[in-house]
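Summary of structural features
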Amino acid sequence: MEHRHYGCNTEGEGGSAMDLDHRQEDQEKGEEDPFLRFVDYSRTELLSLEDDPNGDAASTVGYGWSWIVSHILKTCIAYSSGVTPAILLSELSQSWSEQRRVGAPKKRLELINHLKKDHRRTKLPNTVTIDSIYEKNFLSLNSVLEAVIIDAFVLPGTNIHMLTLGDYWSSNIIDLYLHRRFYDLAGLQNGILKRGREVFLTGCYLRTATEGHGYPRLLPTEYLVIILDENQDDDAMLLGAQFCSDSFSSISLDAVNKGVSYSLYARIESIESAEIQGSSGSLQRKQITLVDGDGVTLKFFLWGEQTLLANLFRVGSMLALDKPYIASSVECDIKSSEEFCLEYGSATQLYLVPYIQREEQVCVTMTQNRHQGSRPLGSYNPSQGLRFSQVSLPCDSQGTIDFSNYPFRTFVEDLHNKMTSISLYGVVTDIIKENNKQETVFSLRIEDTSGVIWAKLHFARFWSMGRVSLGHTVFISGLTCMMSKQRSLEVSWFENGIGASFINLSCLPALINSSCLHKLSQLSDISNVTSYAQVRVCRVWLDPIEYYYVNTKFSHSLCGHFVNKMASGFMECSFCHIIDDTEIVRTFHLKITLADKSTKVLAWCTGQTAMDLLQISPEEFYELPEEEQLMYHSSLENERFMVALVNCKREGCVNDGLLPDDSISWEVTRAYKCE
């Protein structure tokens, strides 16, 4: 099997992330990042919760570095007033438990235990467990259940068909009211929906237990696909007898109009989303490109609520469509070289042969040891210092490796062709809005301790990530790396992509409110920093006598950057380069001296941070008489604040109109008053 070199290797033993080993590592690195240190500490704590110290070493890899960072940051967003290690670890362990739940072995059903030996596919993105439904007493409409039929029966005295479902990860079972469109498949003697059959379903509503009576059940859903296994004789015979006589080339619209139906078998090549604007509003659409055994391509469309079905599909899987609705391309309102397309009709039944994602052994390199000195890859007993030289990661049919559960942090220098679900943690050193009329694309230059890379961010409509500027520390997940036609590495990100997130740590209120996520610095410690640096948190007082400048300006509410009045009289955003008058808000541009016992630093800020320092809104300040505006700084003298500072003029940052002042190196991104 091919080996690729990514990630890191490390020597040393596991244990607390706050120990002497880390201090030595910090000295070797020349600087430290308290946030990253807490991430490593959290992972060590989570791995210590594992209850099988003699388990398979590969299973100790657990959820990846990106998963842990994402959940810490989501908790910080939810608790803007600040978090403690106890809050973070509680939230992490709960999510960890839900994701990794394997059920109680003693209660596991014999049938599922038998099937589990041949279960090799990875979970679909929205998969939930039956145990989690019982715990939360809630089920979202887009959740996916990958279930096994434990029993099929008819409610006594009725013709209502029920399925009892289990899954591979739960100790509980749950009953489903079967939708009537599947009744023909649920005959208790010869029906395909019987004990031992696997099904995928979504679009489920939960009927909860009422005041201690009964138990939860799933209400009928139309969005169920039947899983087939080509290695099982019965399933192979079904596919051969029912789905191999028709092909895309054999479809005739004349025959369709005469009532002829087709049974088709094809591979899912791509799944795309779109929003169609109509006279009565917008309509969601999923376009699934299918390729049959002859290499002929055809589109399969899902409309409105039907798009939930796409949650059950994965590129590479084989889809068997019995009696799909066949419509002309004109009827589908699409421009296509094909004369017709397929839709999910009232008589359509879907069968799926899931794509079994192969795994590739990824060799672990020394990157992590050089750049962050993290703990060795997981161990149920961290003190045992279990080490790995390689990890297994999912790989699709095109050879692209999925890094969503990679246990280490990925660095810029680790990026190579055919990588997906990558996350980066680094500093923004340049931002460019690309001249693209079809879509909104921004290029960000991201720097970490290993190097720099340009990443193209594709937005659904417009920039929607709030204020981001030079020197800000960001975490981006859901990145993809591919080689361009010019043989250069392209890093891209799509706002609606699976696992896509973009979080600006520099502007998180919880960062300066949470002592476990930052290290308190003195101004003298940071005043000469020009190299790669994260957010610096300092306790300061204001010295407006030394230097003070305040002005109210207009900014773009979507991105927080200042707007400029053009010669034409229109306003243009310095960041987005477009503006709507309804998106203009008044804001501050503040330059002021910060001081502590060690030294003084001149810094600037805008938006909410300036309001927090000045303790007045820009509208209220603008309404003050001019003499009161001029004297306002006297009320600020010696006011004490906790502030987050970023170096916006550090080496490598390119100010192309993004910063209001070239002479000031430090921006205050967050502040709160110390009582």
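Numbering of residues starts from 1 in each chain and follows the order in which that chain's sequence is written. Restriction of local features to residues with pLDDT of at least 70 applies here, the model being predicted, together with a cutoff of 80 or more for giving and counting side-chain atom pairs; totals for whole chains, interfaces and linings are based on all residues. Side-chain measures here rest on the full set of heavy atoms in the structure, leaving out hydrogens and waters.

The terminal C-alpha atoms of helix α2 (residues 34-47), which comprises 14 residues, lie 20 Å apart, in line with the 20 Å expected from a rise of 1.5 Å per residue. For α2, a buried count of 13 out of 14 residues is recorded, marking the element as mostly surrounded by other parts of the structure. Between N or O atoms, a polar contact is any pair within 3.5 Å; within protein, one atom must be a potential hydrogen donor and the other a potential acceptor, and residues adjacent in sequence are included only when both atoms are from side chains. Starting at the N terminus, helices and strands are each numbered in turn, a helix being any DSSP run of H or I of at least four residues and a strand any DSSP run of E of at least two. Measuring from the side-chain oxygen of the N-cap residue of α2 to the backbone nitrogen of Phe 35 gives 3.0 Å; that N-cap residue is Asp 33. Expected helix span is taken as 1.5 Å per residue step, with the number of steps being one fewer than the number of residues. Each residue is placed in one exposure class: buried if its accessible area under a 1.4 Å probe, protein chains only, is under 20% of its type's maximum, exposed if it is over 50%, and partly exposed if it falls in between.

Before going further, it helps to spend a moment on the packing of α2 against helix α3 (residues 65-78). α3 packs onto α2 with a crossing angle of 110° between their chain directions and a minimal axis gap of 10 Å. Here α2 is positioned roughly perpendicular relative to α3, judged by the angle of their axes. Note that α2 runs across α3; the crossing there is right-handed. Across the interface between the two elements, Phe 35, Leu 36, Phe 38, Val 39, Asp 40, Ser 42, Arg 43 and Leu 46 from α2 touch Trp 65, Trp 67, Ile 68, Val 69, Ile 72 and Leu 73 from α3. Grouping the constituent residues of the contact of α2 with α3 by class yields eleven nonpolar, one polar and two charged. To obtain an axis, a line is fitted to C-alpha atoms, over the contacting stretch when the element is a helix, and the angle between two such axes runs from 0 to 180 degrees between their N-to-C directions. Each angle is binned into one of four classes, with values under 35 degrees roughly parallel, values over 145 roughly antiparallel, values of 65 to 115 roughly perpendicular, and all other values oblique. Note on convention: near helix rotated counterclockwise from far helix by under a right angle means a left-handed crossing. Clockwise means right-handed. Here, two residues are considered to be in contact whenever any of their heavy atoms come within 4.5 Å of each other. In this classification, Asp, Glu, Lys and Arg are treated as charged, Ala, Val, Leu, Ile, Met, Phe, Trp, Tyr, Cys and Pro as nonpolar, and every other residue, Gly included, as polar.

Moving on, we come to the environment of Val 441. Assignment of secondary structure puts Val 441 in strand β20 (residues 440-448). We classify Val 441 as buried; its relative accessible area is 2%. Sequence spacing of Val 441 and Ser 492 is 51 residues, and the spatial spacing of their C-alpha atoms is 9.9 Å.

With that settled, consider unusual backbone geometry. Phi at Arg 487 takes a positive value of approximately 65°, unusual for a residue other than glycine. Position of Arg 487 among the secondary structure elements: in the loop between β22 (473-483) and β23 (489-494). Phi at Gln 615 is positive, roughly 60°, even though this residue is not glycine. Its location among the elements puts Gln 615 in the loop between α13 (607-614) and α14 (618-623). A residue is classified by how much of its surface remains accessible, and Gln 615, at 37% relative accessible area, is partly exposed.

Nothing here speaks to function; it is geometry throughout.
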